[in-house]
Protein chains: 2
Amino acid sequence: MTIQEKAERAKAASLQMATLSTRQKNEALLRIKHTLNEEKNAVFEANEKDLAAAEKNHVPAPLVGRLEFDGAKLTSACEGIDALVKLEDPTGKILSARELDSGLNLYQVSCPIGVIGVIFESRPDALVQISTLCLKSGNTVLLKGGTEALETNRILFELIEKASTEDSDESGLPDGWINLAETRSDVKEMLSLERHVDLLVPRGSNEFVRYIMDNTNIPVLGHADGICHAYVHEDADLDMAARIVVDSKTQYVAVCNALETLLVHKNAVESFLPVVKQKLEEKGVRLRGCEKTRSYIEVQAANDKDWETEYLDLILSVKVVADFEEAVSHINTHGSHHTDVIITGSGSVARDFMMKVDSANVFWNCSTRFSDGFRYGLGAEVGISTSKIHARGPVGLDGLVIYKWQLLGSGQIVADYVDTGRSFTHKPINHA
Amino acid sequence: MTIQEKAERAKAASLQMATLSTRQKNEALLRIKHTLNEEKNAVFEANEKDLAAAEKNHVPAPLVGRLEFDGAKLTSACEGIDALVKLEDPTGKILSARELDSGLNLYQVSCPIGVIGVIFESRPDALVQISTLCLKSGNTVLLKGGTEALETNRILFELIEKASTEDSDESGLPDGWINLAETRSDVKEMLSLERHVDLLVPRGSNEFVRYIMDNTNIPVLGHADGICHAYVHEDADLDMAARIVVDSKTQYVAVCNALETLLVHKNAVESFLPVVKQKLEEKGVRLRGCEKTRSYIEVQAANDKDWETEYLDLILSVKVVADFEEAVSHINTHGSHHTDVIITGSGSVARDFMMKVDSANVFWNCSTRFSDGFRYGLGAEVGISTSKIHARGPVGLDGLVIYKWQLLGSGQIVADYVDTGRSFTHKPINHA
């Protein structure tokens with residue numbers, strides 16, 4: 001089957017998927033969990049093959065780590081499914097309700113988006129996670145995994161498809177709700193399927209996501225860079241500031257919400273920089289500073305490129321700013337609109353920062369590492385988006401739904417309102 | 001100034017626009033209304049020039065009608081501004097609020113999207129309408145109007161800019177919040193400005209909107225075709241069905257929510273088709289029917305192309321379907337996912353229809369012509385979208401906003417939750 005045919009199959013199945021009950025979807029999720037556990041040895045064997053091939057091809061160690069699908073990954077995937085089952089169904093919710101006239105009632109009702117295209121790099125656990133998120137939200141899915149994980153992806157796909165579509169009591173999901181593409185050329189073709197794929201969710205490196213975003217007309221839910229800033233205002237509690245900077249930078253360096261640039265108000269520099277330098281260096285962080293920074297502490301010189309670099313490493317760039325406005329302007333100009341924090345004792349300065357900084361996540365006196373769907377209490381995370389439409393920041397199941405307008409009448413026609421001047425009532429309908 | 005420079009200017013201004021109070025925005029709107037009225041003769045004179053040039057260039061009559069900006073258009077533009085002033089500010093609303101832990105509170109707050117690119121064909125009144133919608137929602141705007149309306153667009157732009165940015169008590173809008181591009185090559189360049197333009201709103205013909213959608217990576221709010229269907233189920237009240245079909249088709253033929261295809265259940269054909277044919281023909285509608293239709297009533301033969309044609313004219317294609325499923329399948333295959341209606345006496349059949357038809361507006365027993373922002377009671381209409389993300393169907397001011405996540409802490413770091421096992425409370429915060 002070509003990828004276009006798979007996409008058409010997914011589109012056809014999406015119309016049936018949209019009519020499933022919450023119970024049907026939850027039962028399918030539990031059958032998937034059961035099957036993955038029952039057949040775990042087949043998964044581990046397939047993964048061994050991928051790992052052996054990776055070793056043969058001298059794949060770098062961090063990539064091999066992401067490729068691995070062992071008992072721990074299985075347990076975590078199954079815990080994710082359990083959490084999804086417990087989550088409220090995001091479809092079929094009445095978002096607004098209004099009487100337009102007597103016997104003419106308008107309902108805005110949430111529903112699945114349709115076909116989600118998922119393109120991911122090496123991690124096969126992403127296949128389980130994203131396909132079950134699509135299932136719970138009533139979407140169908142067209143998956144394309146990394147070639148390094150070919151065997152693991154194939155067995156996971158087959159097990160999920162089998163468990164979810166076959167069912168003795170006829171409550172299985174529609175055939176074609178899940179589809180797997182395997183060749184590299186499929187990616188390029190998938191990016192051009194705007195008539196069949198409604199939303200793309202890429203999972204992988206910055207370059208990978210950037211490539212997807214730049215080469216498709218299909219909307220993309222994701223982010224390329226995560227160049228996050230902490231700004232230490234002149235009135236900041238400097239102990240708190242140091243703790244937040246150290247956590248934001250070092251708690252987990254290889255992630256999008258880790259800190260990359262520290263901005264310090266000129267009046268806080270003298271007492272703050274030596275302290276934070278010591279604490280960061282204790283954690284192995286190398287600093288790169290602007291000229292003014294280097295007049296207070298001994299660090300390597302930062303160049304213009306540093307302000308726009310996502311290190312994902314134990315490196316932090318440091319800049320002294322003259323005032324609040326310079327800090328905000330630096331963040332809006334050089335940042336990636338992901339997560340930025342101010343450390344200040346003033347609520348009004350913080351509010352100003354959170355209004356003026358054009359980022360998905362704007363924080364006051366806490367670590368940038370909190371920007372995460374689970375920490376936000378969304379129950380699940382589809383991804384983090386730096387888009388300015390649809391969904392922004394950590395995206396839960398809500399990001400995989402849209403709505404339709406249902407108008408329930410009793411024979412009304414528009415001519416009655418235009419010709420005879422009948423008017424609309426526009427009364428809210430209680431729909432709690 | 002190049003269009004890229006104008007876009008950069010709009011981007012810079014957008015950060016200030018986002019901080020304006022509702023009062024500042026409403027005052028600017030009222031100043032714009034005042035100035036348009038004061039300077040109306042300058043507007044009418046500019047419009048005369050455009051009309052004269054159009055006549056000289058043998059522009060077709062319907063286009064000249066859209067080009068006209070007279071007293072009635074001005075009154076209607078000013079009424080639109082008054083309505084906007086009364087509307088609730090869509091920004092700064094708390095969409096959700098959650099305590100993550102004691103002293104660590106998360107707020108999801110609505111905010112402007114940023115820079116809206118508006119590309120419109122001949123109607124200069126669109127310039128006033130869309131720029132004031134952007135203003136009220138705190139967005140900045142990059143406008144490109146049709147060349148036929150060059151003079152009118154220019155004077156309207158200048159008046160709006162002057163009235164909104166100049167202000168003796170310093171409460172004017174930021175310079176650069178509104179920008180006008182004038183040359184045809186600007187359109188192409190605008191479509192490539194994805195780093196500066198956050199959303200495109202095209203206003204014009206199907207071909208025009210389709211061109212925009214196919215040639216940009218920027219999200220587009222709009223619709224190309226409006227191929228709307230009415231399906232008359234076997235149990236329909238046939239008098240009601242005929243009234244709804246006649247209204248949907250003829251109340252205003254040149255619009256996207258007018259009916260283009262009528263589907264009739266085979267059991268209703270015999271009594272319904274002759275009646276509806278007569279009523280439609282009384283209104284001047286020419287019918288085109290499938291083979292089965294033509295065995296009941298004498299009409300021109302429809303071909304495959306008819307099912308995918310938006311006539312925007314007094315023409316209606318008619319098809320007999322074997323059952324409910326065939327009707328739904330026809331609509332999902334040949335429609336444009338805009339507005340579709342079922343006429344049936346059964347609530348459960350109607351609910352099934354509204355769930356299975358994948359359209360922005362799904363109706364039961366009323367005219368397709370109701371799908372409209374004002375009729376829906378949205379207070380304003382930015383446009384009608386057939387997109388599957390962000391905003392769907394008639395879009396009010398809500399479609400011009402997104403949200404950001406504000407996290408207000410008191411020194412919290414992630415290590416405390418990971419290393420010492422401190423857990424999140426995830427309690428809802430009452431924010432009514």
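Preceding this paragraph is the structure being described.
Attention in this report is confined to the structure presented alongside it. (Residues numbered from 1 in each chain as written. Chains lettered and ligands numbered in written order. Predicted model: local features only at pLDDT ≥ 70, side-chain atom pairs only at ≥ 80, totals over all residues. Heavy atoms only, no water.)

## A closer look at the nonpolar core
In this structure, Leu262 of chain A together with Leu262 of chain B are the most contacted members of the largest nonpolar core, which totals 189 residues. Apart from residues lying up to four places away in sequence, Leu262 of chain B is in contact with Ala230, Val232, Val245, Phe272, Val276, Leu316, Ser317, Val318 and Lys319 of chain B. (Core = buried A, V, L, I, M, F, W, Y, C linked by side-chain atoms within 4.5 Å. Buried < 20%, exposed > 50% of the residue type's maximum accessible area, 1.4 Å probe, protein only. Contact = heavy atoms within 4.5 Å.)

## Describing unusual backbone geometry
When glycine is set aside, most residues are seen to have a negative phi, and most peptide bonds are trans. Phi is positive for His426 of chain A, close to 50°, though the residue is something other than glycine. A relative accessible area of 29% means that His426 of chain A is categorised as partly exposed.

## Examining the sheet that holds strand β1 (residues 94-101) of chain A
Strand order across the open sheet formed by eleven strands is β17(A)-β1(A)-β2(A)-β16(A)-β13(B)-β12(B)-β7(B)-β8(B)-β11(B)-β9(B)-β10(B), with mixed pairing between neighbours. Each edge of the sheet is formed by a strand with only one pairing partner; in this case those strands are β17 (427-428) of chain A together with β10 (300-301) of chain B. Of the pairings in the sheet, the one linking strand β9 (residues 286-289) of chain B to β10 of chain B comprises two bridges and is parallel in character. In the sheet register, Gly289 of chain B faces β10 of chain B, and the bridge partner there is Ala301 of chain B. (Pairing = 2+ DSSP bridges. Helix = DSSP H or I, 4+ residues; strand = E, 2+ residues; numbered from the N terminus.)

## Observations concerning the sheet that holds strand β5 (residues 178-181) of chain B
All names here are of chain B. Strands sit in the order β5-β4-β3-β6 across an open sheet of four strands; the sheet is parallel. Both outer strands of the open sheet, β5 and β6 (199-203), are each paired with one neighbouring strand and no more. Each neighbouring strand pair of the sheet contributes to a mean axis angle of 20°, computed without reference to strand direction. In this sheet, β5 lies alongside strand β4 (residues 140-144) in parallel orientation, the contact comprising four bridges. Residue pairing across strands places Leu143 opposite Leu180, the latter belonging to β5. (Axes fitted to C-alpha atoms, helices over the stretch in contact; angles between N-to-C directions.)

## So, the packing of aromatic side chains
Per the counting criterion, the structure on display carries twelve aromatic pairs over all chains. Between the aromatic rings of Trp405 of chain A and Tyr376 of chain B, the centroid separation amounts to 5.1 Å while the plane-to-plane angle is 45°, which identifies the pairing as tilted. Of the two residues, Trp405 of chain A sits in strand β16 (residues 401-412) while Tyr376 of chain B sits in the loop between β13 (361-366) and β14 (383-385), which places them in two different chains. Across the pair, Tyr376 of chain B and Trp405 of chain A agree in class, each one buried. With a centroid separation of 5.7 Å and 80° between ring planes, the pair formed by Tyr403 of chain B and Trp405 of chain B is classed as edge-to-face. Comparing Tyr403 of chain B with Trp405 of chain B, the two get one shared label, buried. A cation over an aromatic ring shows up here: Lys319 of chain A above the ring of Trp307 of chain A, its NZ or CZ 5.4 Å from the ring centre. (Phe/Tyr/Trp six-rings, centres within 6.5 Å; stacked < 30°, edge-to-face > 60°. Lys NZ or Arg CZ within 6 Å of the ring centre and 35° of its normal.)

## Description of the packing of helix α2 (residues 22-38) of chain B against helix α7 (residues 150-165) of chain B
Residues and elements named next belong to chain B. Two numbers describe how α2 lies on α7: the axes approach to 8 Å, and their chain directions differ by 135°. Judged by the angle between their axes, α2 and α7 are oblique. The crossing of α2 and α7 is right-handed. Judged by residue contacts, Ala28, Arg31, Ile32, Thr35 and Leu36 of α2 engage Leu156, Leu159, Ile160, Ala163 and Ser164 from α7. (Parallel < 35°, antiparallel > 145°, perpendicular 65-115°, else oblique. Left-handed = near helix turned anticlockwise from the far one by under 90°.)

## Quick look at the environment of Trp364 of chain B
Looking at the element boundaries, Trp364 of chain B is found in strand β13. On the accessibility criterion, Trp364 of chain B (17% relative accessible area) is buried. C-alpha separation for the pair Trp364 of chain B and Ser205 of chain B, spaced 159 residues apart in sequence, amounts to 28 Å. Ignoring any residue separated from it by four or fewer positions in sequence, one finds Trp364 of chain B in contact with Leu407, Leu408 and Gly409 of chain A together with Val341, Ile342, Thr344, Ser346, Gly347, Ala350 and Met354 of chain B.

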